[in-house]
Amino acid sequence: MKSFNIEPTEVSPKMFYDIGKHCFEIGGFSRMENVRIFYQSFFDWFDKHKAEILSTITPSTKLHIDLKLIYFNSASLKCFLDILLQLKKLYSVTDGHGSLYNVEIYWYFDEGDEDMIEIGEDYSDVVEIPFTFVQTKTSL
Amino acid sequence: MFRNRTKTIVSYVGDSIEYNQVNEILTSVWNTLEEKGLGISDIKIIYSILTEMLENAYRYSSLVEDSKDSLQCMVSDLGKNRFQIIVKNPITVSKAEKLKGKIDFVNSLSPIGLKKFYQHEIIKRKDDDHPGAGLGLIIIARKVNEPLMIEVQSLNNNISIVTIKALIKI
């Protein structure tokens, strides 16, 4: 099954979605001139492959998401939110007690970057999934 | 003897700005701050504020074509871990009014109030296609240590020139 892969530039992030392993990653900078156009390529690909991905998901399948962002602008924020919410919905299973999501999100931050931790906490509240925070050494 | 410790990190003056120039300014500021030995967290605070301010200026930069200095950007090191970002750009009169109102509002909020407002604005975006206008201002206000300053000058009946000044202590 085909995976989604975009290599990073100085202003746009690396994006990788391994359907077979159920791993998704965004990393780097996200402050392109046309943020929406950039992420639309992912949304188009996602819509095209959604049924195929869904067919591989069992109640025990977990999606592993790595968010390794160095910096993203306010325009990117809405796109990330859309991506996370769509993935959350896709990997949700319904049992007798309601809907459960099978998604784990890892939020990476540079040592001492309190600001990035706060952004992650805000994001976690909004998508209603607890994030696991992972401290890394300076990424540049 | 008095010594002026202010050092200009970047200065741009023009009638408009292209996106590749925005990139050049941002890259130059990042590199200069790195050379000064600032930590990545501090660099990102300044970079983040400058990005939002420049992207806003870029959005309206083509409004005025017959002026050589309607778009300006200056990033300065004031010494003692204080930095100043000033961005001046044209904007429509109605948008200038709204911008001033928004800045007055974010200036009136406490850090906790800003955090709540930020989260409220993100949640709003879960359900609509609003691209993010206004959120950049909240992001800036959360990172500065003093109220944002805005000055609005009328250029003509349709266009104003706004100057926004942000002071950052790291």
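Everything below is about the structure printed above this text.
Residues numbered from 1 in each chain as written. Chains lettered and ligands numbered in written order. Predicted model: local features only at pLDDT ≥ 70, side-chain atom pairs only at ≥ 80, totals over all residues. Heavy atoms only, no water.

## Quick look at the sheet that holds strand 4 (residues 63-72) of chain A
Residue and element names in this part refer to chain A.
- Judged by pairing direction, the sheet is mixed, and its 6 strands sit side by side in the order 1-2-3-4-7-8 without closing on themselves. The sheet is open, and its two edges are formed by strand 1 (4-6) and strand 8 (131-136), each paired on a single side. Across the sheet, the mean angle separating the axes of adjacent strands is 15 degrees when strand polarity is ignored.
- Across 8 bridges, the pairing between strand 3 (residues 23-30) and strand 4 is parallel. Bridging from a neighbouring strand, Phe24 pairs with Ile65 of strand 4.
- Relative to strand 4, helix 2 (residues 74-90) is tilted by about 180 degrees, and along the sheet it contacts strand 2 (14-18), strand 3, strand 4 and strand 7 (103-110). (Pairing = 2+ DSSP bridges. Helix = DSSP H or I, 4+ residues; strand = E, 2+ residues; numbered from the N terminus. Axes fitted to C-alpha atoms, helices over the stretch in contact; angles between N-to-C directions. Contact = heavy atoms within 4.5 Å.)

## What about the packing of aromatic side chains?
- Inspection of every chain in the model, using the stated rule, returns 23 aromatic pairs over all chains.
- Arranged with centres 5.1 Å apart and planes meeting at 90 degrees, the rings of A:Tyr71 and B:Tyr47 form a pair that is edge-to-face. Of the two residues, A:Tyr71 sits in strand 4 while B:Tyr47 sits in helix 2 (residues 40-60), which places them in two different chains. Grouping residues by exposure puts A:Tyr71 and B:Tyr47 together as buried.
- Consider the rings of B:Phe105 and B:Phe117, whose centres lie 5.1 Å apart with planes at 85 degrees: the pair is edge-to-face. You can see B:Phe105 sitting in helix 3 (residues 93-108) and its partner B:Phe117 sitting in helix 4 (residues 111-127), a full 12 residues away along the chain.
- Judged by relative accessible area, which is 40%, B:Phe105 ranks as partly exposed.
- Members of the aromatic cluster, connected to one another through ring pairs, are A:Phe38, A:Tyr39, A:Phe72, A:Phe80, A:Trp107, A:Tyr123, A:Phe131 and A:Phe133.
- Just above the ring of A:Tyr108 sits the side chain of A:Lys68; from NZ or CZ to the centre is 4.9 Å. (Phe/Tyr/Trp six-rings, centres within 6.5 Å; stacked < 30°, edge-to-face > 60°. Buried < 20%, exposed > 50% of the residue type's maximum accessible area, 1.4 Å probe, protein only. Lys NZ or Arg CZ within 6 Å of the ring centre and 35° of its normal.)

## Section: the packing of helix 2 of chain A against helix 3 (residues 114-127) of chain A
Residue and element names in this part refer to chain A.
- Direction vectors running N to C along helix 2 and helix 3 enclose 45 degrees, while the axes themselves pass 11 Å from each other. By the criterion of interaxial angle, the relationship of helix 2 to helix 3 is oblique. Two packed elements cross with a definite hand, and for helix 2 against helix 3 that hand is right-handed. Two secondary-structure elements touch here, helix 2 through Leu77, Phe80, Leu81, Leu84, Leu85 and Lys88 and helix 3 through Tyr123, Val126 and Val127.
- Looking at side-chain class alone, the contact of helix 2 with helix 3 contains 8 nonpolar, no polar and 1 charged residues. (Parallel < 35°, antiparallel > 145°, perpendicular 65-115°, else oblique. Left-handed = near helix turned anticlockwise from the far one by under 90°. Nonpolar A, V, L, I, M, F, W, Y, C, P; charged D, E, K, R; others polar.)

## With respect to the packing of helix 1 (residues 35-54) of chain A against helix 2 of chain A
All names here are of chain A.
- Across the interface, helix 1 lies against helix 2 with an axial gap of 10 Å and an inter-helix angle of 5 degrees. Of the possible angle classes, the one that applies to helix 1 and helix 2 is roughly parallel. In contact with Val35, Arg36, Tyr39, Phe42, Phe43, Phe46, Asp47, Lys50, Ile53 and Leu54 of helix 1, helix 2 contributes Ala75, Ser76, Lys78, Cys79, Phe80, Asp82, Ile83, Gln86, Leu87 and Leu90.
- Residues belonging to the contact of helix 1 with helix 2 are distributed by class as follows: 13 nonpolar, 2 polar and 5 charged.

## What to know about the nonpolar core
- In this structure, A:Met15, A:Tyr17, A:Phe24, A:Tyr39 and A:Phe42 are the most contacted members of the largest nonpolar core, which totals 97 residues.
- In terms of residues, this core owes the most to one element, helix 2 of chain B, which gives 11 residues. (Core = buried A, V, L, I, M, F, W, Y, C linked by side-chain atoms within 4.5 Å.)

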